[in-house]
Amino acid sequence: MNRAASLILASCSAWLVPAPASSVDARPQEDAVPADPLAVAWDRFAAADEITKAELLARAKAKVEALTDPEVKKLLALRDRARREIKVAPPREPVFYTCEEYAPVQATRRFEPDESSYAAEQEGLMQVWTEPAPYLERVRYDFATNEVVELGLAPTVDEQFWDLLAGNVPDTDLLAAWLMKQWDFDAKLDELAEFFGHVYCDRLGAAFKHITIYDAFRSGSTVEMPDADVIAFARHILDDDSFVSPIPPDRKQQKLYESIKQSFVKLRDHRTLIESAARVFVNDEAPLRSELEGLRLRLVYLFEDNGSDPARIAKALAATKTRDGFIEAMDKVLETKRERWDSHLIEWPKRRQTTRWAVALATQEVLKEVGYLETK
């Protein structure tokens, strides 16, 4: 279960905890803690047979789809549009730049088996240090192909029900990916996204199918850049065919390395702006990596100032050109329109939280109807 779901489960259940029974003869039980009704209800759901759980999931989804709250209806309408417009592509096959083509003197590359301890160690080192999506994620936007792709996951009924309890409308992941597609305004970065989307390989020739070059750079760990990848960057991004392996350690090499680093930063800044925007749009409290937290309030202002209209938001984002440009533009608004800024930062989160509570409470109603959730 994701952290966002845990948080909303705890907050939803706070008002449901029954007061301890009392009588004139009862002595205070200082160590007694009332059972959390929602936690108890979840345990009962989790213990049910698969047919029962599937029926309850279907009922919960139907209740959510039938909600009349205007903010929920707006979100569902956007979700429906995403369903109509997105043709989900199959998972992309992991690929790497071959030594035979780019650096024949290097060791031939091969995929490291998933079960090897070395693969596990590298995946631990190169993990993307970011918060998980605040919704069940079965699809994701690909910044290289501009497609929405399957992740190859098969979520359980438990995970789908928990996602509703967390306040997410069905297919929130599809909606978020669709928003990223609408807001990915810099097509010039597609080539960079393609390069950094290749599988990460070490100098010994091991390729790790679950780690991209982007992941490795984003992890903050020390990243090896074998000649095959460096030369591929020079050829495909810089249109420079002059490099051959082994690359001599001279100023030309250092300039090439610096170009790779700057290109990553450019892609990272763009991706994190678009990804953060989509996540905050569907959940104003979506966890963000610490250095991205400053985007949250600026994005909230942007959404409210553009009426939560994805098309208007897309134009506004594109006009800022970069993540730094977006931050600068929002800071100017803060300096010149403080009263408007403060109002927007209250109104938009209030409406988005309304949608999440409505979805969560509709799902809880199903648990009440079958006696899993007991309240006084």
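It should be noted that the structure appears before, not after, this text.
1. As for the overall build of the protein chain
Within the protein chain, the secondary structure is distributed over 16 helices and 5 strands. Considered along the principal axes of its C-alpha atoms, the protein chain spans approximately 85 × 55 × 45 Å. Burial analysis of the protein chain (376 residues in total) assigns 47% to the buried set. For the protein chain, restricting intrachain contacts to residue pairs at least 6 apart in sequence, the fraction spanning at least 24 positions comes to 74%. Looking at the protein chain as shown, the accessible area adds up to about 19,200 Å², and 52% of this sits on carbon and sulfur atoms. Across the protein chain, 50 positive and 65 negative side-chain charges occur, with their mean positions spaced 5 Å apart.

2. Examining the packing of helix H13 (residues 295-305) against helix H16 (residues 338-369)
Their axes nearest at 8 Å, the elements H13 and H16 cross at an angle of 85°. By the angle between their axes, H13 is roughly perpendicular relative to H16. Here Leu297, Arg298, Val300, Tyr301, Phe303, Glu304 and Asp305 of H13 lie close against H16, whose contacting residues are Arg340, Trp341, His344, Leu345, Glu347, Trp348, Pro349 and Arg351. Across the contact of H13 with H16, the residue classes tally to 8 nonpolar, 1 polar and 6 charged.

3. Describing empty space enclosed by the protein
Summed over the entire model, instances satisfying the criterion amount to 2 cavities of 30 Å³ or more. A volume near 60 Å³ is recorded for the largest cavity. The element contributing the most residues to the lining of the largest cavity is helix H7 (residues 157-165), with 3 residues. In terms of residue class, the lining of the largest cavity is made up of 4 nonpolar, 2 polar and 4 charged. Empty space within the second largest cavity amounts to approximately 30 Å³. Cys99, Gln106, Ala107, Arg109, Asp202, Arg203, Leu204, Gly205 and Pro226 together form the lining of the second largest cavity.

4. Focus on the pattern of salt bridges
Summed over the entire model, instances satisfying the criterion amount to 34 salt bridges. Note that Asp158 and Lys53 form a salt bridge whose closest N and O atoms lie 2.8 Å from each other. Taken as a pair, Asp158 in helix H7 and Lys53 in helix H3 (residues 50-65) lie far apart in primary sequence, 105 residues in all. Each member of the pair, Asp158 as well as Lys53, is classed as buried.

Cut-off values and rules
Residues numbered from 1 in each chain as written. Predicted model: local features only at pLDDT ≥ 70, side-chain atom pairs only at ≥ 80, totals over all residues. Heavy atoms only, no water. Helix = DSSP H or I, 4+ residues; strand = E, 2+ residues; numbered from the N terminus. Buried < 20%, exposed > 50% of the residue type's maximum accessible area, 1.4 Å probe, protein only. Contact = heavy atoms within 4.5 Å. Areas by Shrake-Rupley, 256 points an atom, 1.4 Å probe, with all protein chains shown as cover. Lys, Arg positive; Asp, Glu negative; His and termini not counted. Charge placed at Lys NZ, Arg CZ, Asp CG, Glu CD. Axes fitted to C-alpha atoms, helices over the stretch in contact; angles between N-to-C directions. Parallel < 35°, antiparallel > 145°, perpendicular 65-115°, else oblique. Nonpolar A, V, L, I, M, F, W, Y, C, P; charged D, E, K, R; others polar. 1 Å grid on protein atoms, 1.4 Å probe; cavity = no way out; pocket = protein on both sides within 12 Å on 5 of 7 lines; lining within 4 Å. Points joined across faces, edges and corners; volume = space filled by probe spheres on them. Salt bridge = Lys/Arg side-chain N within 4 Å of Asp/Glu carboxyl O.

Any functional reading would require information beyond the geometric quantities listed.
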